[in-house]
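Results of the structural survey
These are the residues of each chain, in order.
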Amino acid sequence: MEVVTRIADRGRAGLLAAAAAGDEYAFRRIIVEHHDDMRRVALSICRDRAVAEEATQAAWLIAWRKIGDVRDEASLRPWLVSVAANEVKRVLRTRRRRAAVEVATDASGEPGGTDPGTATDAIDLRSALRRLDPDDRALLAMRYVAGFDSNELAVALGISPSGTRNRLERLRKRLREELS
Amino acid sequence: MDDMTSLDRQIAAEFLRDAGPSEPVDDAAIFAGVVTATQSPQWSFQPMLRSTTFVVAAAVVALFGGILLVAQPFHHVGVVAPGAESDVARVEASPTPAPRDSLQWGSKRIYYVPPPGFPHGSPTLTFGIHDVARVAREACEDDTYVEVGPTADDLTDALSDLTGPGRSGPVDLTSGPVDVMLSGHPAKRFVLIHSGWSDTPGCPALGEGYRQLWENHDGSGFGMADHGFAVAVIADVAGERLVFAASTFHGPYVEPDADDLVALEAHVDALTASMEIVEQEPAGSAWVTGSTSHAGTRVGAATVGTEDGVTGTRGDHWVDRPITMSDPRLSGVLSVITNYDTHQLAEKEWMTVFSGTTRIANDAGSWEGIGSGVSRGSYPRDAVTETVVLAGSGAYEGLTAYLAFDYDDGPVAVRGLIFPGEMPPVATFE
């Protein structure tokens, strides 16, 4: 962490420019700031730690090569998270695993289990969420894990803010219908 | 974030639970992985696509939009993320051709010479074999597929129908079909280019970057991301259709260049020329390991009843669960139908006993038999152990598989044995 603190006072705008110019310290500072978000979003998409870590590492390779394409500091976080989300989808496809559509009827992580007669709603929601395709899980992960607003989602998805709101609303509607 | 509804809060809770807690970041190790990958050009074959010249590609991009593919092969080898383990093979760049490698295709084995390192250091030059079931129909809409027939011509026609100025979307074929030969069999080669969703008027809802171009019978598929490109080869092997697709993946927002396309074409040509298809004799005994998951579709509504503190569930029927094993004879699609009884031991403590029928099917044959198991908690949940004995049919006639499944809330570890004949007779007390 020592090398990272050396560039802490460069300012955030300078950080992006420095990383784009190949500055290792600046890039590592960006890793420190964003890796955990990327990994957690990836993990919530695939629910497989090995896949999430592989995808996040692959995302950093892409970031190293392409960070110069990021227009401004505000776009950096959504861009990095979207790269990680795309990588996890790629790894899932590569591994021929469909973790994102897994249907687990486990209702909770509580020791001793859950009363099978009372946990139906929670089971249904979890099952419905796990049946979603990776694209939809990525959207929800960026929304609820990364906490992106519609502007950040727009950067991450490459569509308009209103387009992201429409997609989210359609998804919520579908889930409501499925749970009703 | 705007106002959260009750559903929002529930979704958020589920996703945050899956995301797990924050963890310390080892930036030095991560950066070292990046540097290592950057300095060690590798190539890998994953399921993706194709080629032609950049002139043609550029023309198509200008016409329709752009490309990038991602896919799920039936079998594949490949180079993947730096510093990470994967089920795909890693091939270091080498000035001399790598030795022959092989992969399974039904009852046949395909031998090939992997190309040397990808000239631009792409981490993801990939290829895979596909058993195509359905082809995307409307490029601007999700989940619009048409069934494709079983022959090479059927798929050639279906892919040809995706291209041209009359298409509504950006999935285009830039060249082909071109006649080639694969292990002495006639084949067609296509180059595919994805012009980029975000650049395509009329596809505003597909800005997320990629969609599947086709789906395979085992539920996998072949996808295409923004600005990707690929080569697909479709061969007629004595009436059987062999499909493989190769592509490069540079990551989102990264457009391929002319050299990438030319290099991919050269690799695919070399790969195609080196392929040899060999019919295999049925193998005998083998230890097997692998995994499946809770994925799939529930097609049988379980009926539930409670009596004397025991909750009985009958007819819990799941299909289309992918299973991947070290021996391809046991890889394919898993179906299971289960009856189970959940016994309440204490206020919040249950255990479950269950029995059921399991089937594993693939192109060459299938396995079916009964099994039983136990779990702590409400089945299926944590600490589940199940054993099954499966009898082979089709290409596996005369073989038996004994498998143990270790379920948890996630991937399911499977291990066991394939052997000729049947289980020994049951011993009994006099």
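You'll find the structure just up there.
Remember, it's a predicted structure, so these values are computed and weren't measured experimentally.

Digging into the overall build of chain A
Across its full length, chain A carries nine helices and zero strands. Listed by position from the N terminus, the elements making up chain A come as α-α-α-α-α-α-α-α-α. Out of the 180 residues belonging to chain A, those deemed buried represent 61%. Expressed as a percentage of contacts within chain A between residues at least 6 apart in sequence, the contacts between residues at least 24 apart total 63%. Here chain A has roughly 6600 Å² of accessible surface; of this, 48% comes from carbon and sulfur atoms.

Some details on unusual backbone geometry
The phi torsion at A:Arg47 lies on the positive side, around 60°, for a residue other than glycine. A positive phi angle, near 50°, is found at B:Ser183, a position not held by glycine. By the element assignment, B:Ser183 lies in the loop between strand 10 (171–182) and strand 11 (185–194). In this structure B:Ser183 comes out as partly exposed when scored by relative accessible area, which is 25%.

Considerations on the nonpolar core
If you look at the biggest cluster of nonpolar residues, it comprises 63 residues, and the most contacted ones within it are A:Trp60, A:Ile67, A:Leu140, A:Met142 and B:Ile11. Other than its neighbours up to four places away in sequence, A:Met142 contacts A:Val41, A:Val81, A:Ser82, A:Gly147, A:Phe148, A:Leu153, A:Ala156 and A:Leu157. The next biggest cluster of nonpolar side chains, apart from the first, holds 23 residues, and it includes B:Ile129, B:Ile193, B:Phe244 and B:Leu261.

Some thoughts on the packing of aromatic side chains
Using the criterion set out here, one finds five aromatic pairs over all chains in the structure. Here the aromatic rings of A:Phe27 and A:Trp60 are separated by 5.5 Å at their centres, their planes lie at 85°, and the arrangement is edge-to-face. Taken as a pair, A:Phe27 in helix 3 (residues 24–46) and A:Trp60 in helix 4 (residues 49–66) lie far apart in primary sequence, 33 residues in all. Classification of A:Phe27 as buried rests on a relative accessible area of 0%. Geometrically, the ring pair formed by A:Trp64 and B:Phe31 is edge-to-face, given 5.2 Å between the ring centres and 85° between the ring planes.

Considering the side chain of B:Glu14
Along the chain, B:Glu14 falls in helix 1 (residues 6–19). Excluding anything up to four places from it in sequence, B:Glu14 contacts A:Leu125, A:Arg126 and A:Leu129.

A word on the pattern of salt bridges
Close approach of charged atoms allows side chains with opposite charge to pair. For the coordinates displayed, the defined rule picks out 28 salt bridges over all chains. Of the charged contacts in the structure, one is a salt bridge between A:Arg49 and A:Glu53, with a shortest N-O distance of 3.2 Å. With A:Arg49 and A:Glu53 both in helix 4 and four residues apart, the pair spans about one turn of that helix. A relative accessible area of 40% means that A:Arg49 is categorised as partly exposed. We classify A:Glu53 as partly exposed; its relative accessible area is 39%. Salt bridges linked by common partners bring A:Asp36, A:Arg39, A:Arg49, A:Glu53 and B:Glu23 together as one network.

Re a nonpolar patch on the surface
Judged by side-chain polarity, B:Leu345, B:Met351, B:Val353 and B:Val374 come together as a nonpolar surface patch covering roughly 300 Å² of accessible area. Classification of B:Val353 by relative accessible area gives partly exposed; the value is 34%.

What to know about the packing of helix 3 of chain A against helix 4 of chain A
What describes two packed helices is the angle between their axes and the distance between those same axes. Residue and element names in this part refer to chain A. As a packed pair, helix 3 and helix 4 sit with axes 9 Å apart at the nearest point and diverge in direction by 140°. One finds that helix 3 runs oblique with respect to helix 4. Between helix 3 and helix 4 the crossing geometry is right-handed. Contact with helix 3, carried on its side by Phe27, Ile30, Ile31, His34, His35, Met38, Arg39, Ala42, Leu43 and Cys46, involves Arg49, Val51, Ala52, Thr56, Ala59, Trp60, Ala63 and Trp64 of helix 4 and no other residues of that element.

A word on the pairing of strand 25 (residues 412–420) of chain B
Of the pairings in the sheet, the one linking strand 16 (residues 286–292) of chain B to strand 25 of chain B comprises seven bridges and is antiparallel in character. Its bridge partner being in strand 25 of chain B, B:Val288 is matched across the sheet by B:Gly416.

Comments concerning the packing of helix 3 of chain A against helix 7 (residues 134–144) of chain A
Residues and elements named next belong to chain A. Relative to each other, helix 3 and helix 7 sit at 140°, their axes nearing to 9 Å. Regarding the angle of helix 3 to helix 7, the classification is oblique. Crossing angle aside, the handedness with which helix 3 passes helix 7 is right-handed. Residues Val41, Ser44 and Ile45 of helix 3 lie in contact with helix 7, whose contacting residues are Pro134, Arg137, Ala138, Ala141 and Met142.

What counts, and where the lines are drawn
Residues numbered from 1 in each chain as written. Chains lettered and ligands numbered in written order. Predicted model: local features only at pLDDT ≥ 70, side-chain atom pairs only at ≥ 80, totals over all residues. Heavy atoms only, no water. Helix = DSSP H or I, 4+ residues; strand = E, 2+ residues; numbered from the N terminus. Buried < 20%, exposed > 50% of the residue type's maximum accessible area, 1.4 Å probe, protein only. Contact = heavy atoms within 4.5 Å. Areas by Shrake-Rupley, 256 points an atom, 1.4 Å probe, with all protein chains shown as cover. Core = buried A, V, L, I, M, F, W, Y, C linked by side-chain atoms within 4.5 Å. Phe/Tyr/Trp six-rings, centres within 6.5 Å; stacked < 30°, edge-to-face > 60°. Salt bridge = Lys/Arg side-chain N within 4 Å of Asp/Glu carboxyl O. Patch = residues over 30% accessible without salt bridge, like charges linked within 9 Å, V, L, I, M, F, W, Y side chains within 5 Å. Axes fitted to C-alpha atoms, helices over the stretch in contact; angles between N-to-C directions. Parallel < 35°, antiparallel > 145°, perpendicular 65-115°, else oblique. Left-handed = near helix turned anticlockwise from the far one by under 90°. Pairing = 2+ DSSP bridges.

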